[in-house]
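Here are the chains, one letter per residue:
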Amino acid sequence: MALSTWADALQQNPNAKTVLTAFVVVAALAFTYRLLTTSQANSQLPVWAPLEIGLTRHLLPRRGRGYRLLSALRRKDGSLFGLTSKHQMLIDPPQVDRLMAHSASSISSAPVQYTIATRVFGCTHSPAVEEQFYASCEELTAPVGKLFLNDAAATAALGRADIPQQVQSFVSFSSDPEHMKLWERSANLKVTTTADGVQKVEADFQSLVRDFGACIAIPQLYGRDFLERYPQVLSDLWKFDNDLFPLMMIGIPRWAPLKIVKDGVAAQSRIHAGLEGLYRRVGQYQKGQPIDFDADMSDISDVVVSRHNTYEKYGWPIRQQGELELGLLWGQNANTQPVVFWLLTYVYSKPDLLKQLREETSPYLTMSETTPRELVALDIAGVGKGCQLLKACVFETYRLVNDVTSLRHVSRPITHTEGGLKHELAANTFLSALLSLANHDPSVYSDPESFDPTRFLEQSASTGKPAARYGKLKPWGAGAAMCKGRTFAEKEIMSLAVAIMSMWDIAPASSKWELPERVPGTGVQKPVKDIRVVITRRQ
Ligand code: HEM
C-alpha cells in the first residue's frame, strides 16, 4: 500500500490510528513468533491469532481503507484471509459448513482447546498433562452434552432451579448486604420508598442480571453447596472474564507486573482452588468417605460425577482437575448471562414490545391471586415452544451482541475449493471461521443496528403462525465442536427473561433509556459501562 494512502487513512478516520497500530503490533507479533517458534512444538494456536481475528472483525465490515489494507491478506480473492499460512481466517459461512464437515482426523478443536486451557484457563502445561488432555478430552465433553444439549434434561435442570421462587427476590429491597441475595451484592443497590409507599431499588443492571443468572445456573452443575461455600466465585469469575481472559488470550505472561494481571491471576487461583476442593469432595462422596466440611453433595450433577470418573480414569492430579474445570464454569456462564442482560435491556427499552411479550408469555405462567402478585409456576417447555416472538428477540440479541468464531486445527492437508478457486490448507495450521461478520452487514440485515425481532419471524408452513427461525445466524459455532450447552442456554435465557418480565417493572434511572455502546468481550460484547435502572414490583 502506498505511503500516501496510509497517511490519508490516518487523517480521515479517527479510528485509523488505533487500527494501524494494532495491525503493526499483530504483524510484529507474527514475525517474532515465527522466529521464536521454529524449533518448538507447533500445535499451539499462535498468540497473534486472536488479535488478527479482532482486527479483521473490526476492519472487514467497514469497507473503508482498513478493508483495503486487509485485502492484501486475502488468498486468491477468495474468502480466506491471513497474515501467515499458520493461521487463516474464513469469512464466508456457507464455505465454513463445508469445511467443518471434514472428519475429526482432518480438522479438530482439541489443540485449540488445549491452548486455551493452558494459556488462558491457567492449566499447568507439561508433557504429562498434554497427554492426559488429548486422551480424555472427548470423554470429558460428552457428559456436558447429555445435560446441556438434551431438551428434557435441560428443562428438568431449570425446573429444579425453581426460577419462580428465586425471581421473587430478584431485588429484595434490603439495604443491608447481610440480608441481600447473593446476586444483589455487587449491583450497587440504592433502596428508596416514595411518599405513597412504593418501594424502589436503583441498581447496576448488568451486574444484577449477570449474577442472578449465574446463581440459577451454577448449582445445576456443581450443587448448591459450592456457591454457598464460595460466594466470591461470582466476582472472581467476572474479574477473570473481563480482565484476565483477553490478556492471556494474546499471550501476556501471567507474571507481567501489571495490577490488572496480578488481580486477575489471584481471582483465577481462587477459582482453581474452589473447583479443586469441589472435585476432592466429589471423590470422597463417590468413595463413601467422610466429606470435607460435611458438605452436602447430594445435588451435584451427573456431568460432574462423570467428569470426576474420567479425571480419575486418566490419572489427572487433583490440582489440574480444578484448573481445567475453570473452562467449564466459564463456558456455562460467560456468554449466557450477558445475553440475558442485553435481551432485557432491548425489551424493556421498547414498551410496546414488552407489552406484546407479556401477552405472549402469560399462558405459560401461573401468577398468585395475592397483592402484590407473585410468579407461582413457569412452564419452561411451553415457553420454548409457544413464545416465538420471545425466541425471535433472543435471536435478534445474539445477532447484535455475539462475536462468534470457530477455531480449528488442521491436522491433515485439506483441499478447499470455492467459486473456482482452490486452496491447499497445510497440515498443522489453524483455521478460524468468523461466523458473525454478516450480522451487522446491511446487505444481509436491513438497518442492522436497530433491534427488530421480526426479521427472524417466518410464517410456519405447518401452522400458518409466525415461527422464529435462525436463518443465516450461527451463534453456536459450526461442525462437530459446536456449542454443547446451547439447549440449556437458550432455555435459561428465555425462562429468566419471562420470569423477570412477569414480576418486575424496570425503568432507566435517568429519564430515558440510553443503550450503552458495545465493546468486544470474550464471546458476547459488553456494555462500555453498566447502566443504572430503577426496579419496582409489578402491580
Ligand atoms: C448464549 C450462551 C452461549 C453461547 C453464545 C455459546 C457459544 C459457543 C460457541 C460459539 C462455541 C464454539 C463452537 C465452535 O468452535 O464452533 C461454544 C463451545 C462450547 N460451549 Fe457454548 N455457548 C453458550 C452457552 C454454553 C453453556 C450454557 C454451556 C454449558 C456448559 C456451554 C458449553 C460449551 C462447550 C462444552 C463448548 C465446546 C464444545 C466442543 O468443543 O465440543 N456453552 N459455545
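Quick notes on the rules
Residues numbered from 1 in each chain as written. Predicted model: local features only at pLDDT ≥ 70, side-chain atom pairs only at ≥ 80, totals over all residues. Heavy atoms only, no water. UniProt positions renumbered as here; feature names shortened; annotations may be inferred. Core = buried A, V, L, I, M, F, W, Y, C linked by side-chain atoms within 4.5 Å. Buried < 20%, exposed > 50% of the residue type's maximum accessible area, 1.4 Å probe, protein only. Domains from an automatic or database assignment. Helix = DSSP H or I, 4+ residues; strand = E, 2+ residues; numbered from the N terminus. Expected span 1.5 Å × (residues − 1). Bend = angle between axes of the 7 residues up to and from the residue. Contact = heavy atoms within 4.5 Å. Donors = N, O, S within 2.8 Å, 3.2 Å for Na, K, Ca; no water. Salt bridge = Lys/Arg side-chain N within 4 Å of Asp/Glu carboxyl O. Near = heavy atom within 4 Å. Polar contact = N/O pair within 3.5 Å; in protein donor to acceptor, adjacent residues only side chain to side chain. Nonpolar A, V, L, I, M, F, W, Y, C, P; charged D, E, K, R; others polar. Pairing = 2+ DSSP bridges.

The protein chain carries the name Putative cytochrome P450 in an unreviewed UniProt entry, which gives Bimuria novae-zelandiae CBS 107.79 as its organism. Taken directly from UniProt, the Cofactor (unreviewed entry) text for the protein chain runs: "heme".

What is the right way to read the nonpolar core from this model?
Generally speaking, soluble globular proteins have nonpolar side chains that are buried together. Residues Phe170, Tyr222, Trp504 and Ile506 are the most contacted members of the largest nonpolar core, which totals 143 residues. Residues from two domains meet in this core; each of domain 1 (3–103 + 403–436) and domain 2 (144–402 + 440–473 + 475–537) gives at least three.

Please explain helix α7 (residues 127–148) as it appears in this structure.
Look at α7: 31 Å from first C-alpha to last across 22 residues, which is about the 32 Å you get at 1.5 Å a residue. Remark: the principal bend of α7, roughly 55°, maps to Ser136. For α7, the set of buried residues is Val129, Gln132, Phe133, Ser136, Cys137, Leu140, Pro143, Val144, Gly145, Leu147 and Phe148. In this fold, the buried residues of α7 make contact with α6 (110–119), α8 (151–160), α10 (205–222), α14 (302–313), α15 (318–333) and α20 (486–503).

Can you help me understand the coordination of the iron atom of the ligand in this one?
Each pair of donors in an ideal four-coordinate tetrahedral metal site encloses 109.5 degrees, whereas pairs in an ideal six-coordinate octahedral site enclose 90 or 180 degrees. What the protein offers the iron atom of the ligand as a donor is a single atom, Cys483 (SG), at 2.3 Å. In this structure, Cys483 sits in the loop between β13 (466–468) and α20.

Whenever I open this one, the pattern of salt bridges confuses me. Can you help?
Note on pairing: side chains with opposite charge can pair once their charged atoms come close. Tallying each qualifying case throughout the model produces 25 salt bridges. One salt bridge connects Lys474 with Asp97, and the closest N-O pair in it is separated by 3.0 Å. Residue Lys474 is located in the loop between β13 and α20, and its partner Asp97 is located in helix α5 (residues 93–100); the two are separated by 377 residues in the primary sequence. The class of Asp97 is partly exposed, set by a relative accessible area of 37%. In this structure, Asp236 and Arg270 form a salt bridge, with 2.8 Å as the shortest nitrogen-oxygen distance.

Explanation requested: the site of the ligand in the structure shown.
Around the ligand sit 25 residues in total, of which Gln113, Ser406, Arg408, Cys483 and Lys484 are the nearest. The separation between a nitrogen atom of the ligand and a polar main-chain atom of Gly331 is 3.5 Å. Interatomic distance of 2.9 Å between a side-chain N/O atom of Arg408 and an oxygen atom of the ligand. Contributions of two or more residues to the shell around the ligand are made by α7, α15, β8 (405–410) and α20. Grouping the constituent residues of the shell around the ligand by class yields 12 nonpolar, 11 polar and two charged. Split by domain, the shell around the ligand shows at least three residues from each of two domains, domain 1 (3–103 + 403–436) and domain 2 (144–402 + 440–473 + 475–537).

Got a minute to help me understand the pairing of strand β1 (residues 80–84) in this structure?
Within a regular beta strand, the side chains point alternately toward one face of the sheet and then the other, so they alternate between its two faces. Taken across its five residues, β1 has four buried, putting it largely inside the fold. Of the pairings in the sheet, the one linking β1 to strand β2 (residues 87–90) comprises three bridges and is antiparallel in character. Paired with Thr84 across the strands is His87, a residue of β2. Counted between consecutive antiparallel strands, the loop separating β1 from β2 contains two residues.

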